[in-house]
Amino acid sequence: MVTKTLNYFPVATKDLKVNTILDFDIFIQTSSNIILFRKQNLPFTENTLHNLASNKVKTLFISEDDRDKVDNYHQTLQNNNSTNISSEGFSAPFDNPENVEKYYKTYFNYYPIEKENLLPGSRINFNICKQSNIDVEPYIGPGNKNGLSDVVPENIHESNFPIVIHNGDIPLYKEYIKNIASEHLQLSKNIPDFQYNIIRENSKFVIRDILEDPKNQDNTHQASELVETLFNTIMDNKNNFNRLLKITTHDYYTYTHSLNVCSLSIGLGASINLKDSELIELGLGALLHDIGKCSVDPRILNKPGILTAEEFKDVQCHVTASKGLLGQRISKNSLSTILQHHEKMSGSGYPYNLAGDQIHLFGRIGAIVDFYDALTTKRPYKKAYTPFEAFQLLSEVKEDYDQSLIKRFIVMLGNQVKA
Ligand SMILES: [Fe+2]
Ligand SMILES: [Fe+2]
């Protein structure tokens, strides 16, 4: 802790770019002191920015000793032609409202599919599009429209562009998956991840349905059944379940995030020897942890830009909204995962500002896994961190996350990589 302010110079938060690594310590001013806020070599994330904004901090302080480093940092941003972020949180190409609308149109009307689930040489009765930048273009489809073929190309698995289908074609795609599953499974020796792909794809459908109609009792039952399937899959192959979490180049979707958080929470829970019944409770809470997001404006939730302080407040409401949606339908332990996944060990989380042991074990697990998945997911305005970068960040934010769980988490995922 430092008491003099003379040796520090101010930098506005808006002059630091989100998702850049700062190689200098940053300090904040309290009523009487300047105190260390973040150590050097940590990324300045969207979370950091929101944390500062919610505490009304607009100016940071940096030691005079680091002035050269800060100058270099700004110089590098300039040299890289770093894009400016507008006051609404948009940067190019989304600083053009037309592009934002195009993006929303694609995002809300199309569903990303995994090309690994398509059987080369098979005929399809639905249309598949290539997703390019913010638009889609027809790729494969029936009826020889625009000269397209309805046969899945032999090299489909080698292509490196994301593919999507129109939401209206989802039932046809579901049927296709069902029809080829048994045939494909017989070939599973040649396509080792296929059964995991199918579980993941079916899980996404189930979670998508739940998020669309969270009050529906049938959907709650479906959620329980899904958690059991995921639990069995993970326990059958504890060191290789990361096949369920395939990294995709698609944008963030709440249903994919929910599936990842559920699988990783069960994996982490198993690595600390929780009982099977506890893992099921934890898994259900993790699967439904963001269910309250269905009451947040989807344009805010899926904004292709950094949220403003007001928008962030709207998104934060998802935690308490979940409570109203689920009521008494899930156990107390499952509910703790949901209500506490944004709490931080330091007490700076939300919505209850719980600290340390006040946070349920399931809440602490949920917080780590949720943060990890958010870091390693691509957004239109940010790249995905590699697992290594995410581990580094998690273990350096000592005050916010349960460090003994972080260590277990890193070991667990490390074993997966080796498997
Ligand atoms: Fe959340
Ligand atoms: Fe989340």
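Conventions we followed
Residues numbered from 1 in each chain as written. Chains lettered and ligands numbered in written order. Predicted model: local features only at pLDDT ≥ 70, side-chain atom pairs only at ≥ 80, totals over all residues. Helix = DSSP H or I, 4+ residues; strand = E, 2+ residues; numbered from the N terminus. Buried ≥ 20, exposed ≤ 12 C-beta atoms within 10 Å, placed from the backbone. Axes fitted to C-alpha atoms, helices over the stretch in contact; angles between N-to-C directions. Parallel < 35°, antiparallel > 145°, perpendicular 65-115°, else oblique. Left-handed = near helix turned anticlockwise from the far one by under 90°. Contact = placed C-beta atoms within 7 Å. Domains from an automatic or database assignment. Nonpolar A, V, L, I, M, F, W, Y, C, P; charged D, E, K, R; others polar. Pairing = 2+ DSSP bridges. pLDDT = per-residue confidence, 0-100.

**Points about the environment of L77**
And then number 1: With respect to the helices and strands, the residue L77 is situated in helix α2 (residues 67–79).
And then number 2: What makes L77 partly exposed here is the crowd of 16 C-beta atoms within 10 Å.

**Observations regarding the packing of helix α7 (residues 254–271) against helix α13 (residues 361–375)**
And then number 1: In contact at an axis separation of 9 Å, α7 and α13 are set at 130 degrees when each is read in the N-to-C sense. What the angle tells us is that α7 and α13 run oblique. Considering the relative orientation of α7 and α13, their crossing is right-handed. Along the contact surface, α7 presents H257, N260, V261, L264, S265, L268 and G269, while α13 presents I365, G366, V369, D370 and D373.

**Section: the domain arrangement of the protein**
And then number 1: Domain parsing of the protein yields domain 1 (2–79) and domain 2 (193–418).
And then number 2: The interface of domain 1 with domain 2 comprises 10 residues on the first partner and seven residues on the second.
And then number 3: Counting only elements with at least two residues in the side of domain 1 that touches domain 2, the list comes to β5 (42–44) and α1 (46–54).
And then number 4: Along the lines of polarity and charge, the residues of the side of domain 1 that touches domain 2 split into four nonpolar, four polar and two charged.

**Quick look at the sheet that holds strand β8 (residues 128–132)**
Sheet strands associate in pairs through backbone hydrogen bonding, adopting either a parallel or an antiparallel arrangement.
And then number 1: With antiparallel pairing, the four strands of this open sheet are ordered in space as β7-β10-β8-β9. With partners counted over all chains shown, the strands left at the sheet margins are β7 (110–113) and β9 (135–140), one partner each. Here the average twist between neighbouring strands, direction ignored, is 45 degrees.
And then number 2: By the bridge criterion, four bridges tie β7 to strand β10 (residues 163–166) in an arrangement that is antiparallel. In the sheet register, Y111 faces β10, and the bridge partner there is I165.

**A look at the confidence of the model for the protein**
And then number 1: The predicted model of the protein has a mean per-residue pLDDT of 86, with 92% of residues at 70 or higher.
And then number 2: Averaged pLDDT values for the elements of the protein fall to 76 in β5 and rise to 97 in helix α8 (residues 276–287).

**Side note on unusual backbone geometry**
Residues apart from glycine generally show negative phi values, whereas peptide bonds are mostly found in trans.
And then number 1: Following Y350, the chain continues to P351 via a peptide bond in cis, the omega torsion being 5 degrees.
And then number 2: You can see P351 is positioned in the loop between α12 (332–340) and α13.
And then number 3: Even without being glycine, N273 reaches a positive phi, approximately 60 degrees.
And then number 4: Assignment of secondary structure puts N273 in the loop between α7 and α8.
And then number 5: With 8 C-beta atoms counted inside 10 Å, the residue N273 sits in the exposed group.
And then number 6: Of note in this structure, N353 is not a glycine but carries a positive phi near 50 degrees.
And then number 7: By the secondary structure assignment, N353 is in the loop between α12 and α13.

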